[in-house]
Amino acid sequence: TAFYLELSRQAEARLYSRDAKTWLIRFDEELANVRTILARADSETALDLTVNLTGFWASRGLHREVRDYLTNFLDIVAAKSSSLYVKGLYTLADVAWFQGDFGEAKLHLERALALARKIDDKHVLSRVLGLLARIYQYNYSDYGQARILYEECITLADSVGNQKNKASALNLMA
């Protein structure tokens, strides 16, 4: 379990890099083992592993599977106000949004927003704000609220050095 958790942490950023193909192939080969670990690991470890592999799940079209994992693990870990829990809520919202379940995505993002503010996790908070702004912009046509969220997202992303999130928000605001 520890091996795969560490491997997933290494893969998290690399699944969106030039090395993505190598990492995707590696997890294709390890998918049965990952599923076994997710079935046996404690909920916090399983949530961490699931969140870290978001890029893998998405690239392989396994949205329903990852959504089920996230829902189950988040229900068990719900009493905690940790960065991992907030990342899990964000990831679940992102998957729900991708699947067209905008109401559920917004609900998870609003919970994640409140918790991220409470624990002062600026990294996750900037990501939550960016996706929530997109939902207001594209799914609710509330451009004023979207702009407010994008502006806060940009400020936070800049303060933590997340240029990708900052650029995405600037692009979507234009």
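Relevant structure appears above.
Since we're looking at a predicted model, the values are computed, not measured.

(A) Region of interest: the overall build of the chain. Tallying secondary structure elements over the chain gives ten helices and zero strands in all. When its helices and strands are written in sequence order, the chain yields α-α-α-α-α-α-α-α-α-α. Taken over the C-alpha trace, the chain has a radius of gyration of 16 Å; the compact-globule value for 174 residues is 16 Å, and the two agree within 12%. For the chain, the spread of C-alpha atoms along the three principal axes comes to 45 × 35 × 30 Å. Counting only residues that meet the buried cut, the chain has 48% of its 174 residues in that class. Split by element, the accessible area of the chain, about 8,800 Å² in all, is 51% carbon and sulfur.

(B) Just empty space enclosed by the protein, in detail. Within this structure, the stated rule accounts for one cavity of 30 Å³ or more. Estimates place the volume of the largest cavity at around 40 Å³. In terms of lining residues, the largest cavity is bounded by Gly130, Leu131, Arg134, Tyr150, Cys153, Asn165, Ser168, Ala169 and Leu172. For the lining of the largest cavity, the secondary-structure elements that each account for two or more residues are helix H8 (122-139), helix H9 (143-160) and helix H10 (163-173).

(C) Seen up close, the packing of aromatic side chains. By the definition in use, this model includes seven aromatic pairs. Between phenylalanine 3 and tyrosine 4 the ring centres are 5.1 Å apart and the planes differ by 85°, which places this aromatic pair in the edge-to-face class. What makes tyrosine 4 buried here is its relative accessible area of 12%. Both rings, one in tyrosine 136 and one in tyrosine 140, keep their centres 6.1 Å apart while their planes meet at 50°; by these two values the pair is tilted. Put simply, the rings of Trp23, Phe27, Phe56, Trp57, Tyr69 and Phe73 touch in pairs and so form one group of aromatic residues. Above the plane of the ring of tyrosine 140 lies lysine 106, whose end atom (NZ or CZ) is 5.7 Å from the centre.

(D) How the structure looks around unusual backbone geometry. Unusually for a residue other than glycine, aspartate 120 sits at a positive phi of about 55°. Within the secondary structure layout, aspartate 120 lies in the loop between helix H7 (102-119) and H8. The phi torsion at serine 141 lies on the positive side, around 50°, for a residue other than glycine. Among the secondary structure elements, serine 141 is positioned in the loop between H8 and H9.

(E) A look at the nonpolar core. The biggest cluster of nonpolar side chains holds 59 residues, and the ones touching the most others in it are Leu53, Phe56 and Trp57. If sequence neighbours within four positions are ignored, leucine 53 has contacts with Ser8, Ala11, Leu15, Phe27 and Val34.

(F) Just the layout of surface pockets, in detail. Considering only enclosed or pocket space, the largest pocket measures out at about 830 Å³ in volume. Taken together, 26 residues form the lining of the largest pocket, with Tyr16, Tyr90, Asp94, Arg127 and Lys164 sitting closest to its centre. Elements supplying a minimum of two residues to the lining of the largest pocket: helix H1 (2-14), helix H3 (43-52), helix H4 (54-59), helix H6 (83-98), H8 and H10. No other element matches H6, which puts seven residues into the lining of the largest pocket. Considered class by class, the residues forming the lining of the largest pocket number ten nonpolar, nine polar and seven charged.

(G) Inspection of the pattern of salt bridges at higher detail. A complete count under the given rule lists twelve salt bridges for this structure. Its salt-bridge partner being arginine 9, residue aspartate 48 comes within 2.4 Å of it at the nearest N-O pair. With aspartate 48 in helix H3 and arginine 9 in helix H1, this pair connects stretches of sequence that are 39 residues apart. In this structure aspartate 48 comes out as buried when scored by relative accessible area, which is 11%. We classify arginine 9 as partly exposed; its relative accessible area is 42%. Look at the salt bridges and you will find they share partners, linking Arg67, Asp101 and Glu104 into a network.

How each quantity is defined
Residues numbered from 1 in each chain as written. Predicted model: local features only at pLDDT ≥ 70, side-chain atom pairs only at ≥ 80, totals over all residues. Heavy atoms only, no water. Helix = DSSP H or I, 4+ residues; strand = E, 2+ residues; numbered from the N terminus. Rg over C-alpha atoms; globule rule 2.2 N^0.38 Å. Buried < 20%, exposed > 50% of the residue type's maximum accessible area, 1.4 Å probe, protein only. Areas by Shrake-Rupley, 256 points an atom, 1.4 Å probe, with all protein chains shown as cover. 1 Å grid on protein atoms, 1.4 Å probe; cavity = no way out; pocket = protein on both sides within 12 Å on 5 of 7 lines; lining within 4 Å. Points joined across faces, edges and corners; volume = space filled by probe spheres on them. Phe/Tyr/Trp six-rings, centres within 6.5 Å; stacked < 30°, edge-to-face > 60°. Lys NZ or Arg CZ within 6 Å of the ring centre and 35° of its normal. Core = buried A, V, L, I, M, F, W, Y, C linked by side-chain atoms within 4.5 Å. Contact = heavy atoms within 4.5 Å. Nonpolar A, V, L, I, M, F, W, Y, C, P; charged D, E, K, R; others polar. Salt bridge = Lys/Arg side-chain N within 4 Å of Asp/Glu carboxyl O.

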